[in-house]
Amino acid sequence: MDRVLEALVSGLAQAAPLFLGASGLTLIFGVMRTFDFAYGALFMFGAYGLATILSGDAVSLPTFVLAVLATGVAVSLLAGAAEVTVYRRLLRHDHIITLLGSYALLLVFTGSATLIWGPEAKSQSQTKDLAGAVSVFGARVASYDLGLIGLGLVVGLGLWLVIRKTRLGLEMRAVAHDRTTAVALGVRAGRVTPMVFVLGGLLAGIAGAVSAPLYAINIDLAGSFILQGFIVVIIGGLGSVQGALVASLLLGVVNGALVVYAPSVSSFSLYLVTAAVLVLRPQGLFGAPEKSIA
Amino acid sequence: MTAPWSKTPRWLLQVVQTWGVLLVVGLVVTSTSSTNSLYTWTSCAIYAIFALGANVLFGWGGSASFGQAAYFGTGAYTVALLRHHTVSPLLLVLTGTVAALAIAVVFGVLTLRATGLRFAILTLVAAQLLYLLVFRSTKLGSETGLYPVLRGTAFGTSLEPQKHFFWFVLAVLALVALVLLRIYQSSFGAALAAVRDDAARAAALGLPVRKLGLLAFTLAGAAAGAAGSLFAAQQGSASPSMLAFTLSGTVVLMCLLGGRHSFWGPVLGATVFTWSQRLLTVHAKAPDLWLGLLLLAIVLLMPEGLVQLRQLVRGRIGRRPPPPGAVATPEALRPAEVHP
């Protein structure tokens with residue numbers, strides 16, 4: 001029973017930053033209608049950013065939270081700037097070109113990271129207040145994992161509020177659903193798109209920042225994060241945040257369980273599930289069906 | 001009056017032209033390069049084969065596959081697995097090609113159910129699965145891979161000296177290029193272009209879209225396998241990095257860089273990219289940054305690739321007025337005379 005609880009908690013904790021990142025990615029997909037490889041770099045910058053602000057030291061929780069927020073804001077500004085300078089021009093071309101352009105941008109970002117921080121990996125210590133483990137119903141769980149779950153809930157709620165209850169959220173949904181009609185109805189797509197990127201950047205930045213104490217911080221984070229992000233978004237359904245939530249929970253829990261019970265299969269499982277979903281139900285759990293020609 | 005050589009089949013002319021150009025380039029390169037540079041030139045030729053194949057899907061067919069490294073790596077590992085047997089290099093390359101072709105057929109059948117973006121991601125996922133399988137397999141050398149791979153002997157000479165190996169690769173490039181050129185100019189090439197430009201219309205016209213897609217996919221995989229086989233011989237090893245998705249992304253970018261709508265574009269792209277990467281790795285601290293900027297510039301300013309430069313130059317320099325009477329306006333389209 002303890003192991004099940006441990007696996008569950010660790011799985012949920014893994015799901016939290018994944019959910020944040022995937023939500024941002026899926027929202028960006030909504031306005032770009034194609035994937036953004038460079039989004040992985042925003043996650044990487046989040047991790048590097050936090051390590052830079054805190055210089056790798058273990059700090060108290062309030063300082064940690066502030067640093068995470070600051071990193072998130074910084075990354076969101078970067079994302080916004082990227083939209084105005086690069087993405088806006090990229091989006092004039094067809095989807096494949098945009099996709100390739102985003103890959104080139106990923107290279108630019110990872111290259112910049114190497115230039116700024118050097119090739120060696122950095123590390124960030126755990127925050128002092130959440131460094132240990134606690135006992136929950138007899139199982140030992142890392143306090144930080146509980147913190148991550150809490151973060152996931154808070155951000156999830158915040159996202160829901162923004163998407164469902166604000167005007168921006170309404171416009172984002174409109175543009176994602178049918179850009180032409182939205183523009184015809186007076187939605188300023190040129191304003192909405194940068195805002196979506198800013199929001200996506202905030203999510204990626206926070207996800208990266210809270211993941212900083214968990215991994216070695218180097219440019220590989222960008223690639224591994226974007227691959228995971230793609231998987232979650234595909235399984236959840238392109239453009240759907242509920243899909244991202246369900247998919248990241250599913251994957252987090254399944255991966256958490258596999259790590260405990262069948263470690264050799266764990267990284268395969270993600271890809272196999274994705275392949276299965278793409279073949280059997282290409283639109284994912286919550287996406288719109290794609291029309292087939294042949 | 002028609003030129004005397006216009007009677008010769010166009011095909012034969014192209015063969016002679018291709019061999020001629022490659023011969024000249026080969027001679028110039030081998031006589032002016034150090035062994036190090038020659039190594040890079042050989043890599044250019046290998047990537048050129050890889051890119052020509054990838055462009056079958058990307059430029060001719062209009063679909064981006066982000067999993068071409070799977071077939072490249074299959075070719076490499078096939079050759080590496082045979083390293084304890086003495087096999088002629090040509091046969092080795094052929095074996096690698098066939099192995100990659102087989103994997104391509106399997107992956108193709110699975111991935112071609114999707115189109116566009118989903119297809120791209122599915123190919124990426126398929127290649128990642130293969131990468132993980134190989135990375136974790138101790139029989140295949142895990143992280144370090146399999147080595148040493150020897151280059152063997154062809155036509156009586158050892159291929160270990162870089163110069164000899166370079167000529168061998170160039171010969172394979174010529175062969176692959178000419179086969180692909182023939183296919184490009186056939187009805188298959190035209191059919192692929194039709195599917196690229198408007199898949200729905202192509203299907204409505206009766207073109208077997210799925211079958212064409214599978215054939216294109218197989219062709220691309222085979223070329224990738226040939227390139228991978230050569231690469232293993234060049235490096236002397238096969239490692240998981242030859243299956244990584246960064247390689248898949250790179251080869252598509254090479255096609256874009258050179259010009260995906262031109263047949264020879266990928267060759268140009270592969271050469272420019274490989275040399276840029278080499279020079280940047282040696283002289284700059286963060287090569288990815290500059291490569292990324294270069295590629296971004298191409299995407300934004302010259303999406304048709306470097307071959308566009310030729311047209312830009314022609315547009316400014318070579319413009320001559322058409323000979324009189326060459327372009328006759330049909331009677332019906334001439335502006336009517338105005339009668340006051």
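Residues numbered from 1 in each chain as written. Chains lettered and ligands numbered in written order. Predicted model: local features only at pLDDT ≥ 70, side-chain atom pairs only at ≥ 80, totals over all residues. Heavy atoms only, no water.

Draft legend 1. Structural context of the overall build of chain A. The helix and strand inventory of chain A stands at eleven helices and two strands. Counted from the first residue to the last, chain A has its helices and strands arranged as α-α-α-α-β-β-α-α-α-α-α-α-α. Computed over its C-alpha atoms, the radius of gyration of chain A comes to 19 Å, within 12% of the 19 Å expected for a compact globule of 294 residues. For chain A, the spread of C-alpha atoms along the three principal axes comes to 55 × 40 × 35 Å. Every one of the 294 residues in chain A was classed for burial, and the buried ones make up 54%. Taking the intrachain contacts of chain A between residues at least 6 apart in sequence as the baseline, contacts between residues at least 24 apart amount to 79%. Summed over its atoms, the accessible surface of chain A is roughly 12,400 Å², and 67% of this surface lies on carbon and sulfur atoms. Positive and negative side-chain charges in chain A, numbering 17 and 13 respectively, have mean positions lying 12 Å apart. (Helix = DSSP H or I, 4+ residues; strand = E, 2+ residues; numbered from the N terminus. Rg over C-alpha atoms; globule rule 2.2 N^0.38 Å. Buried < 20%, exposed > 50% of the residue type's maximum accessible area, 1.4 Å probe, protein only. Contact = heavy atoms within 4.5 Å. Areas by Shrake-Rupley, 256 points an atom, 1.4 Å probe, with all protein chains shown as cover. Lys, Arg positive; Asp, Glu negative; His and termini not counted. Charge placed at Lys NZ, Arg CZ, Asp CG, Glu CD.)

Draft legend 2. Summary view of the overall build of chain B. Assigned secondary structure in chain B consists of 13 helices and two strands. Here the C-alpha radius of gyration of chain B, 22 Å, is about what a compact globule of 340 residues would show, namely 20 Å. With the principal axes as the frame, chain B shows a C-alpha extent of 90 × 50 × 45 Å. When burial is assessed residue by residue, chain B has 52% of its 340 residues classed as buried. Across chain B, the fraction of contacts at a sequence separation of at least 24, relative to all contacts at a separation of at least 6, is 77%. Just so you have it, chain B exposes about 16,800 Å², and 66% of that area is on carbon and sulfur atoms. With 23 positive and 8 negative side-chain charges, chain B shows a separation of 8 Å between the mean positions of the two kinds.

Draft legend 3. Seen up close, the confidence of the model for chain A. Here chain A averages 86 in pLDDT, and 97% of its residues register 70 or above. The spread of mean pLDDT over the elements of chain A runs between helix α11 (residues 266–280) of chain A, the lowest at 75, and helix α2 (residues 39–54) of chain A, the highest at 93. (pLDDT = per-residue confidence, 0-100.)

Draft legend 4. Inspection of the nonpolar core at higher detail. Grouped together as the largest cluster of nonpolar side chains are 206 residues, with contacts concentrated most on Leu27, Phe35, Phe37 and Tyr39 of chain A together with Phe72 of chain B. Leaving out residues up to four positions away in the same chain, phenylalanine 72 of chain B has contacts with Ile46, Tyr47, Phe50, Ala224, Gly225, Ala227, Gly228, Phe231, Met242 and Leu247 of chain B. (Core = buried A, V, L, I, M, F, W, Y, C linked by side-chain atoms within 4.5 Å.)

Draft legend 5. Focus on a nonpolar patch on the surface. Residues and elements named next belong to chain A. Judged by side-chain polarity, Leu245, Val246, Leu249, Leu250, Val254, Leu285 and Phe286 come together as a nonpolar surface patch covering roughly 530 Å² of accessible area. Tracing the sequence through the fold places leucine 249 in helix α10 (residues 241–261). The class for leucine 249 is partly exposed, based on a relative accessible area of 36%. (Patch = residues over 30% accessible without salt bridge, like charges linked within 9 Å, V, L, I, M, F, W, Y side chains within 5 Å. Salt bridge = Lys/Arg side-chain N within 4 Å of Asp/Glu carboxyl O.)

Draft legend 6. Here's a closer look at the pairing of strand β1 (residues 133–136) of chain A. Residues and elements named next belong to chain A. Across four bridges, the pairing between β1 and strand β2 (residues 139–142) is antiparallel. Counterpart to serine 135 in the pairing with β2 is arginine 140. Hairpin connection from β1 to β2: two residues lie between these consecutive antiparallel strands, with phenylalanine 137 at a positive phi of about 50°. (Pairing = 2+ DSSP bridges.)

Draft legend 7. Fine view of the interface of chain A and chain B. Between chain A and chain B, the contact holds 44 residues from the first and 44 residues from the second. The junction of chain A with chain B conceals about 3,900 Å² of combined surface from both sides, 80% of it contributed by carbon and sulfur atoms. When the area that chain A buries against chain B is broken down by residue, the three leading residues are Leu100, Tyr103 and Phe268 of chain A, summing to 16%. Between arginine 260 of chain B and aspartate 94 of chain A there is a salt bridge whose closest N-O contact spans 3.9 Å. Counting the contacts that link chain A with chain B gives one residue pair in polar contact (both at pLDDT 80 or more). Of all the secondary structure elements, the ones that give two or more residues to the side of chain A that touches chain B are α3 (61–90), α4 (95–117), α9 (220–236) and α11 of chain A. Examining the composition of the side of chain A that touches chain B, we find that 15 residues originate from one element, α4 of chain A, more than from any other. Here the residues of the side of chain A that touches chain B sort into 29 nonpolar, eleven polar and four charged. (Buried area = accessible area lost by both parts, 1.4 Å probe. Polar contact = N/O pair within 3.5 Å; in protein donor to acceptor, adjacent residues only side chain to side chain. Nonpolar A, V, L, I, M, F, W, Y, C, P; charged D, E, K, R; others polar.)

Draft legend 8. Fine view of the side chain of serine 248 of chain A. Residue and element names in this part refer to chain A. Summarising the element assignment, serine 248 is placed in helix α10. A distance of 3.1 Å separates a polar side-chain atom of serine 248 from the backbone oxygen of leucine 245. Setting aside residues no more than four positions away along its own chain, serine 248 makes contact with Ala15, Leu18, Phe19 and Val232.

Draft legend 9. Molecular detail of the packing of aromatic side chains. Across all of its chains, the model carries 29 aromatic pairs over all chains by this definition. Measuring from centroid to centroid gives 5.2 Å for phenylalanine 37 of chain A and phenylalanine 230 of chain A, while their planes differ by 75°, and the two rings are edge-to-face. Residue phenylalanine 37 of chain A is located in the loop between α1 (2–32) and α2, and its partner phenylalanine 230 of chain A is located in helix α9; the two are separated by 193 residues in the primary sequence. Given the relative accessible area of 0%, phenylalanine 37 of chain A is considered buried. Three or more aromatic residues joined by ring pairs make a cluster, and in this case those are Phe29, Phe35, Phe37, Tyr103 and Phe230 of chain A together with Phe66 and Phe245 of chain B. For the cation-ring pair, arginine 151 of chain B lies above phenylalanine 165 of chain B, with the distance from its terminal atom to the ring centre recorded as 4.5 Å. Looking at arginine 182 of chain B, its charged tip hangs above the ring of tryptophan 11 of chain B, at a distance of 4.8 Å from the centre. (Phe/Tyr/Trp six-rings, centres within 6.5 Å; stacked < 30°, edge-to-face > 60°. Lys NZ or Arg CZ within 6 Å of the ring centre and 35° of its normal.)

Draft legend 10. The arrangement of the packing of helix α4 (residues 89–111) of chain B against helix α5 (residues 116–136) of chain B in detail. All names here are of chain B. At a minimum axis distance of 10 Å, the contact between α4 and α5 shows a crossing angle of 140°. Here α5 runs oblique to α4, going by the angle between their axes. As α4 packs across α5, the resulting crossing turns out to be right-handed. Contacts between α4 and α5 involve Phe107, Leu110 and Thr111 on the former and, on the latter, Phe119, Leu122, Thr123, Ala126, Ala127 and Leu130. Looking at side-chain class alone, the contact of α4 with α5 contains seven nonpolar, two polar and no charged residues. (Axes fitted to C-alpha atoms, helices over the stretch in contact; angles between N-to-C directions. Parallel < 35°, antiparallel > 145°, perpendicular 65-115°, else oblique. Left-handed = near helix turned anticlockwise from the far one by under 90°.)

Draft legend 11. Quick look at empty space enclosed by the protein. Residues and elements named next belong to chain B. Taken as a whole and judged by the stated rule, the model has two cavities of 30 Å³ or more. Considering only enclosed or pocket space, the largest cavity measures out at about 70 Å³ in volume. Residue lining of the largest cavity: Val79, Pro89, Leu92, Val93, Leu150, Arg151, Phe165, Phe168, Ser229, Leu230 and Ala233, and that is the complete set. Elements that contribute at least two residues to the lining of the largest cavity include exactly α4, α6 (162–184) and α9 (209–235). For the lining of the largest cavity, the residue count by class is nine nonpolar, one polar and one charged. (1 Å grid on protein atoms, 1.4 Å probe; cavity = no way out; pocket = protein on both sides within 12 Å on 5 of 7 lines; lining within 4 Å. Points joined across faces, edges and corners; volume = space filled by probe spheres on them.)

Draft legend 12. Expanded view of the side chain of threonine 274 of chain B. Residue and element names in this part refer to chain B. Topologically, threonine 274 is positioned in helix α11 (residues 265–283). Here threonine 274 falls in the buried class, since its relative accessible area comes to 5%. In terms of polar contacts, threonine 274 uses its side chain to reach the backbone carbonyl oxygen of alanine 270, at 2.6 Å. Residue contacts for threonine 274: discarding those within four places in its chain leaves Thr40, Ser43, Cys44, Tyr47 and Met254.

Draft legend 13. Focus on the environment of leucine 50 of chain A. Residues and elements named next belong to chain A. Looking at the element boundaries, leucine 50 is found in helix α2. Note: C-alpha distance between leucine 50 and isoleucine 206 (156 residues apart in sequence) is 9.2 Å. Here leucine 50 is in contact with Ser55, Phe64, Ala67, Val68, Thr71, Gln124, Ala209 and Ala212, once residues within four sequence places are set aside.

Draft legend 14. Looking closely at helix α2 (residues 35–60) of chain B. Residues and elements named next belong to chain B. The terminal C-alpha atoms of α2 lie 35 Å apart, and with 26 residues this matches the ideal 38 Å at 1.5 Å per residue to within 8%. Remark: the principal bend of α2, roughly 40°, maps to alanine 54. Within α2, 22 of the 26 residues are buried, which leaves it mostly tucked inside the rest of the structure. A positive backbone phi angle near 75° is found at glycine 62, which sits one or two residues after α2. (Expected span 1.5 Å × (residues − 1). Bend = angle between axes of the 7 residues up to and from the residue.)

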